[in-house]
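# Structural description and commentary
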Amino acid sequence: MLLFSNVAFFFKEIEKRSGRLEMTDQLANLFKQTDVNEIDKLVYIIQGILAPPYEGIDLGMGERFALAAIAASSGYPSNEVEKNYKKSGDLGDTAEELLGKKKQTALSTTEMEISYLFDALMKIAKSSGPGSQDQKIKILTELLNNSSGLESRYVIRYVTGSLRLGVGDPTILDALSVAHVGDKSLREPLERAYNTCSDLGYVAKVFYTNPKKIESFVVTPFKPLMPALAERENAPEAIIERLGKCGIEMKYDGFRLQCHRKGDRVELYSRKLEKMTNMFPDVVEAIRELKVAEIIFEGEALAFDSKKGRYFPFQQTMHRRRKHGIEDASKEFPLNVFVFDVLYIDGRDMTEQPYEKRRDIIEKTFKNKILQPSQMTLVSKTNELEKIFQNSISQGLEGIMAKDLTAPYTAGKRKFAWIKLKKSYGKSVDTIDAVVVGYYLGQGARAEFEFGGLLVAVYNPDRGKFETVARIGSGFSEDEMRNLQEILNDIKTKKPPVKLDFSVEKPDFWVTPKYVVEVAFDDITQSSMHTCGAKDGKGYALRFPRLVKLREDKGVEEITTTEEVVRMYELQHSRK
Ligand code: ATP
């Protein structure tokens with residue numbers, strides 16, 4: 001039985017140290033004290049969630065509720081709690097201080113087990129409808145009554161979504177292995193299992209129930225796989241050199257959908273693996289018409305403009321990602337899904353099969369109006385590839401995707417099994433996806449909007465850190481500036497993000513890394529202003545960065561990595 005006080009102590013310890021190795025050992029110790037009925041709950045709590053994202057279970061508790069619960073539990077009036085919060089800048093610290101010197105002693109204090117805490121948090125998340133707000137505050141107050149000062153620090157940070165521990169998924173995977181066999185040798189099968197179901201709590205539970213099962217983990221409908229990702233090249237020659245004979249597909253510029261069906265049940269997941277089923281009744285219907293009992297496949301959804309006889313640009317297609325007016329939107333922007341992979345069919349896990357075989361199934365299975373195979377041509381010569389590429393651009397598409405015919409589906413990994421060649425090839429413009437870590441105030445004409453640009457970072461999974469790569473000062477429309485100012489204002493923090501490595505460049509306001517933006521640039525240079533891939537004080541930076549758009553379909557875990565930036569830098573030199 002694991003007590004939350006042990007977990008809180010662990011949180012406190014790792015806040016002081018940030019070395020991966022030390023963190024792994026401490027976490028492994030905690031895992032050793034955890035039993036099979038608790039391990040999934042503990043893993044979710046460390047991840048700062050209650051369930052995998054596709055379950056759509058969100059604590060949804062604003063600071064206002066947390067303030068009310070702190071007041072109720074500590075006996076301090078709300079205005080004093082607020083005053084303390086203004087001073088501390090961290091509601092968790094305020095809870096710790098005020099509850100630590102409780103004016104009102106709680107009627108009973110019991111040591112909280114991790115399961116008790118988790119179940120109470122789940123109750124908070126699930127209560128809805130009239131009276132639910134009072135109910136949420138009541139449950140949280142009870143939790144605080146049973147918490148020590150230190151425990152309440154983390155309970156409050158957790159419910160307000162500001163538990164920024166910096167324990168990444170790789171550390172959790174390592175620690176599970178270390179707890180079980182004393183070293184990291186099981187990290188790889190654990191990671192593969194995680195990539196296959198995107199549910200780390202579930203993987204941990206299976207592992208605790210029967211470690212052998214991890215080695216033969218298979219795909220299951222309604223547990224979405226982490227999407228396979230594409231590497232990049234900047235010339236047709238490089239692709240042929242690497243893959244030889246390969247499949248060249250159109251690269252459609254819409255949004256990615258992962259579709260699952262078992263019997264009558266159908267679910268659709270976004271690239272971030274959020275459930276999108278309700279948004280696309282037309283796609284759901286088309287999937288029900290397929291002559292299969294079970295299937296998991298992936299495709300790119302695009303809206304077709306029948307008046308112009310071509311596909312709508314990305315921004316128009318995105319009108320289909322909405323919660324209201326779904327019926328009208330489906331008429332105005334009818335979707336096509338171009339299927340580019342199949343991962344499971346009628347009880348068979350296809351992920352280990354070569355692409356060639358998966359492609360056969362795609363061509364046999366998808367023949368209806370909405371669902372159709374992505375266009376693919378087999379090529380083995382550079383000039384054939386170049387021709388298809390030019391053809392795709394003239395159709396208003398984004399470029400091509402080259403597929404290795406022999407490769408398995410590598411969930412969650414960026415591999416040369418897929419290689420993208422984009423419109424930007426041959427020109428000196430490319431884009432990355434970066435997370436906003438801070439923003440600047442405007443000067444001169446822009447002071448009116450109080451917005452002067454963004455500091456953005458990429459992710460370095462080896463270090464578990466975000467590393468800054470650009471200060472973006474242009475590309476914003478007035479509307480975008482207003483919108484960014486508004487959403488960023490809500491997530492301002494006094495201190496820089498814990499997981500951020502920054503150097504000279506400091507914004508006027510730091511923000512919680514949450515929003516992903518696509519950034520265009522001319523070149524990558526080396527600079528001491530940024531920390532991306534930094535060695536001896538010199539990192540990589542984008543030259544002439546400008547905002548393309550906010551990428552609401554991408555999560556923070558999915559942004560461009562340091563390694564990719566370095567690769568782009570190298571590609572740029574080979575081009576020159
Ligand atoms: P990434 O997905 O590699 O992180 P990204 O989201 O910026 O990067 P791109 O680099 O433009 O996207 O290309 C990858 C995306 O292209 C896929 O995630 C998928 O949504 C889309 N795509 C379009 N057509 C295809 C296709 N034929 N095969 C695979 N993916 C395709």
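The text that follows walks through the structure, step by step, so that each part is easy to find. Please read all numbers here as calculations on a predicted model, not as lab measurements.

How each quantity is defined
Residues numbered from 1 in each chain as written. Predicted model: local features only at pLDDT ≥ 70, side-chain atom pairs only at ≥ 80, totals over all residues. Heavy atoms only, no water. Near = heavy atom within 4 Å. Polar contact = N/O pair within 3.5 Å; in protein donor to acceptor, adjacent residues only side chain to side chain. Helix = DSSP H or I, 4+ residues; strand = E, 2+ residues; numbered from the N terminus. Nonpolar A, V, L, I, M, F, W, Y, C, P; charged D, E, K, R; others polar. 1 Å grid on protein atoms, 1.4 Å probe; cavity = no way out; pocket = protein on both sides within 12 Å on 5 of 7 lines; lining within 4 Å. Points joined across faces, edges and corners; volume = space filled by probe spheres on them. Buried < 20%, exposed > 50% of the residue type's maximum accessible area, 1.4 Å probe, protein only. Arc of directions from axis to C-beta. Contact = heavy atoms within 4.5 Å. Axes fitted to C-alpha atoms, helices over the stretch in contact; angles between N-to-C directions. Parallel < 35°, antiparallel > 145°, perpendicular 65-115°, else oblique. Salt bridge = Lys/Arg side-chain N within 4 Å of Asp/Glu carboxyl O. Phe/Tyr/Trp six-rings, centres within 6.5 Å; stacked < 30°, edge-to-face > 60°.

## Considering the site of the ligand
- The environment of the ligand is formed by 20 residues, the closest being Lys251, Arg256, Arg271, Glu300 and Lys420.
- Take Tyr252: an N or O atom from its main chain is 3.1 Å from a nitrogen atom of the ligand.
- At 3.2 Å, a side-chain N or O of Asp433 approaches an oxygen atom of the ligand.
- For the shell around the ligand, the secondary-structure elements that each account for two or more residues are strand 1 (229-232), strand 2 (246-251), strand 11 (399-403) and strand 12 (414-422).
- Element by element, the count of residues in the shell around the ligand is highest for strand 12, at four residues.
- Per-class residue counts for the shell around the ligand are seven nonpolar, no polar and 13 charged.

## A few points about empty space enclosed by the protein
- Following the criterion strictly, the structure yields two cavities of 30 Å³ or more and no others.
- Of the pockets and cavities examined, the second largest cavity occupies roughly 40 Å³.
- The wall of the second largest cavity is formed by Phe4, Phe11, Ile45, Leu117, Leu121, Tyr154, Val155 and Tyr158.
- Sorting the residues of the lining of the second largest cavity by element identifies helix 1 (4-16), helix 7 (114-126) and helix 9 (149-159) as the ones contributing at least two each.
- Considering each element in turn, the lining of the second largest cavity owes the most residues, three residues, to helix 9.
- Partitioned by chemical class, the residues of the lining of the second largest cavity number eight nonpolar, no polar and no charged.

## A look at helix 18 (residues 355-365)
- Of all the positions in helix 18, only Tyr355, Arg358, Arg359, Ile361, Ile362 and Thr365 are classed as buried. The buried residues of helix 18 all sit within an arc of 160 degrees when viewed along its axis, so they share a single face.
- The inward-facing, buried residues of helix 18 contact strand 2, strand 5 (294-305), strand 7 (335-345), strand 9 (371-373), strand 10 (376-379) and strand 11.

## Quick notes on the packing of helix 2 (residues 20-32) against helix 3 (residues 39-47)
- Closest axis-to-axis distance for the helix 2/helix 3 pair is 11 Å, and the angle between their directions is 150 degrees. Taken together, the axis directions place helix 2 and helix 3 in an arrangement best described as roughly antiparallel. On the side of helix 2, the interface is formed by Leu27, Leu30 and Phe31, while helix 3 contributes Ile39, Leu42, Val43 and Ile46.

## So, the pattern of salt bridges
- The final tally for this structure, using the stated rule, is 43 salt bridges.
- The salt bridge partner of Asp433 is Arg551, with a shortest N-O separation of 3.4 Å. On the criterion of sequence distance, the pair formed by Asp433 in strand 13 (residues 430-440) and Arg551 in the loop between strand 22 (546-550) and helix 21 (562-575) is long-range, its members being 118 residues apart.
- For Asp433, a relative accessible area of 8% corresponds to the buried category.
- Overall, Arg551 belongs to the buried group, its relative accessible area being 16%.
- A salt bridge links Arg482 to Glu478; the nearest nitrogen and oxygen atoms lie 3.9 Å apart. Here Glu478 and Arg482 lie together in helix 20 (residues 478-489), a separation of four residues that amounts to about one turn.
- A relative accessible area of 43% places Arg482 in the partly exposed class.

## A few points about the packing of aromatic side chains
- Applying the stated criterion across every chain, the model contains 20 aromatic pairs.
- Centroid distance Phe340 to Trp418: 5.6 Å. Interplanar angle 90 degrees. Geometry classified as edge-to-face. A residue pair is termed long-range when its members are at least 10 positions apart, and Phe340 in strand 7 and Trp418 in strand 12 qualify at 78 residues. Residues Phe340 and Trp418 agree in their burial class; the two are buried.
- Ring plane angle 50 degrees and centroid distance 4.7 Å describe the contact between Phe502 and Trp510, whose orientation is recorded as tilted.
- The exposure class assigned to Trp510 is buried, which follows from its relative accessible area of 9%.
- Following the ring pairs from residue to residue traces out a cluster consisting of Tyr252, Phe304, Tyr311 and Phe338.

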